Amino acid sequence: MVAVAEQVGEKMKYILGIETSCDETAAAVLGEDLHVLANVVLSQIDIHKEFGGVVPEIASRNHVKGIDKVVQAAIREAGIELKDVSVVATTVEPGLPGAVMVGRVFGEALAVALGVPFIRVHHILGHIASIALTGERFKEHIALVVSGGHTSLYDVDANGIVTEIERTVDDAIGEAFDKVARVMGLEYPGGPVISKLADEYMGELINFVARPNYKIKGFSYSGLKTAVLNYINREQMAGRQIDKRKIAASFQVEAVEQIIYKCLRLLKDSKIKVLTVSGGVSANKHLRNRLAEECRNIGVKVYFPEMKYTGDNAAMIAASAIIGLKFKVT
Ligand code: KG4
Ligand code: ZN
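All values derive from a computational prediction rather than experimental measurement. (Residues numbered from 1 in each chain as written. Chains lettered and ligands numbered in written order. Predicted model: local features only at pLDDT ≥ 70, side-chain atom pairs only at ≥ 80, totals over all residues. Heavy atoms only, no water.)

(A) Here's a closer look at the overall build of the chain. On a plain count of helices and strands, the chain comes out with 11 helices and 11 strands. In terms of overall size, the chain behaves like a compact globule, its C-alpha atoms giving a radius of gyration of 20 Å where 330 residues would be expected to give roughly 20 Å. Taking all 330 residues of the chain together, 54% fall into the buried category. Partitioning the intrachain contacts of the chain with sequence separation of at least 6 by distance along the chain shows that 72% fall at a separation of at least 24. Only carbon and sulfur atoms are counted for the fraction: they give 52% of the accessible area of the chain, which is about 15,100 Å². Across the chain, the centroid of the 38 positively charged side chains sits 3 Å from that of the 39 negatively charged ones. (Helix = DSSP H or I, 4+ residues; strand = E, 2+ residues; numbered from the N terminus. Rg over C-alpha atoms; globule rule 2.2 N^0.38 Å. Buried < 20%, exposed > 50% of the residue type's maximum accessible area, 1.4 Å probe, protein only. Contact = heavy atoms within 4.5 Å. Areas by Shrake-Rupley, 256 points an atom, 1.4 Å probe, with all protein chains shown as cover. Lys, Arg positive; Asp, Glu negative; His and termini not counted. Charge placed at Lys NZ, Arg CZ, Asp CG, Glu CD.)

(B) Highlighting the sheet that holds strand β10 (residues 301-303). Read across the sheet, 6 strands follow the order β10-β9-β6-β7-β8-β11 without closing on themselves; strand pairing throughout is mixed. Each end of this open sheet is capped by a strand with a single partner; those strands are β10 and β11 (326-327). As paired elements, strand β8 (residues 161-167) and β11 share 2 bridges and run parallel to each other. Counted as the bridge partner of Ile161 is Lys326 from β11. Sheet strands in contact with helix α9 (residues 244-268) are β6 (141-146), β7 (151-156), β8 and β9 (274-278), and its direction is about 165 degrees off that of β6. (Pairing = 2+ DSSP bridges. Axes fitted to C-alpha atoms, helices over the stretch in contact; angles between N-to-C directions.)

(C) Structural view of the pairing of β9. Counted residue by residue, β9 has 5 buried out of 5 residues, so it is predominantly covered. The alternating pattern of β9 places Val274, Thr276 and Ser278 on one face and Leu275 and Val277 on the opposite face, and all of these are buried. Looking at chain direction, β6 and β9 are connected through 4 bridges and run parallel. Pairing of Ile142 across the sheet is with Leu275, part of β9. Handedness of the β9-helix α10 (residues 285-297)-β10 crossover: right-handed. (Right-handed = clockwise from strand over helix to strand, strands pointing away.)

(D) Layout of the packing of helix α3 (residues 56-78) against helix α4 (residues 97-114). At a closest axis distance of 9 Å, the pairing of α3 and α4 adopts a crossing angle of 30 degrees. Our pair here, α3 against α4, has a crossing hand that is right-handed. Across the interface between the two elements, Ser60, His63, Val64, Ile67, Asp68 and Val71 of α3 pack against Gly98, Ala99, Val102, Phe106 and Leu110 of α4. By residue class, the composition of the contact of α3 with α4 is 7 nonpolar, 3 polar and 1 charged. (Left-handed = near helix turned anticlockwise from the far one by under 90°. Nonpolar A, V, L, I, M, F, W, Y, C, P; charged D, E, K, R; others polar.)

(E) Looking closely at helix α6 (residues 173-183). Every buried residue of α6 is accounted for by Ile173, Gly174, Ala176, Phe177, Val180 and Ala181. With its buried residues spanning 160 degrees around the axis, α6 presents them on a single face. Where α6 is buried, its residues contact β6, β7, α7 (190-199), α8 (222-237) and α9. The positive-phi residue at the C-terminal boundary of α6 is Gly185, with phi of around 75 degrees. (Arc of directions from axis to C-beta.)

Here is the structure:
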């Protein structure tokens, strides 16, 4: 507990977290011991569904509409008053520019009005901190972040300094799930739908023959995505019905195997024997099972967030501020 504690010292009591970087308007109240007193998430998924993805301008407008109510709901749920807040922590990057700006301006103005410190949080550090909300505490670890915007591996040292090891060179894994779902006419967000269809399928898999050279640094999902799209187009042009379950299962296996390969390569020879997995895609059952199985084989402990903290939320943003995670300055 460094960053926030250093700034507020004895006064630190309740940390208000705010998150608006994409399509969730979220606020949370945490105690300094990372105890979550309130976690309110107003999802805009139903609004964006009809467009097949997030429309940035609509997201920003809905954050403006919802932010005040969401913050007030979090304060109420926590059983405190606004004047009891001793720190405001808010996502300030990355994200949809207009969307992230809403939370940032709201949070900063509130901090000024309350006369308390304002902590700027990087969204990815929030995802990494989401593991701490399960009550797990460890010093050094490798953090895998898999979401709609990121597929990255990081080294997190004992002081909470985060150094990127590798990231995707093109699409993020969640983005690939969403795009594949879209061409199959499935609803947004595609990850949960594909995952459900895949889990219902037991038969033979399609070989999409799109495996990137895993030995090269960086994740890559655009080849796999294109291979699936080409397969669907070919089948439809030939007048054949596509089997959505089979495509979903084949895509999911290939998407997850890339993660397995990269994590094992890194962890097998590393002194670090703890892996944390966070971000929206960390809700994926197949990914959880495969990582748990492979990590067990090489003596690595793997941790996932609670399901309610896999997607975007503000509890993880406040947690990052409390723990004091920081990117290494190069
Ligand atoms: O972390 P998140 O809520 O937002 C970003 O920071 O991007 O992640 C959202 C992503 C979406 O692409 C969504 O389809 C994916 O997480 N996702 C899943 C599952 N649940 C959500 N992907 C695969 N399997 C799931 N069960
Ligand atoms: Zn996220």
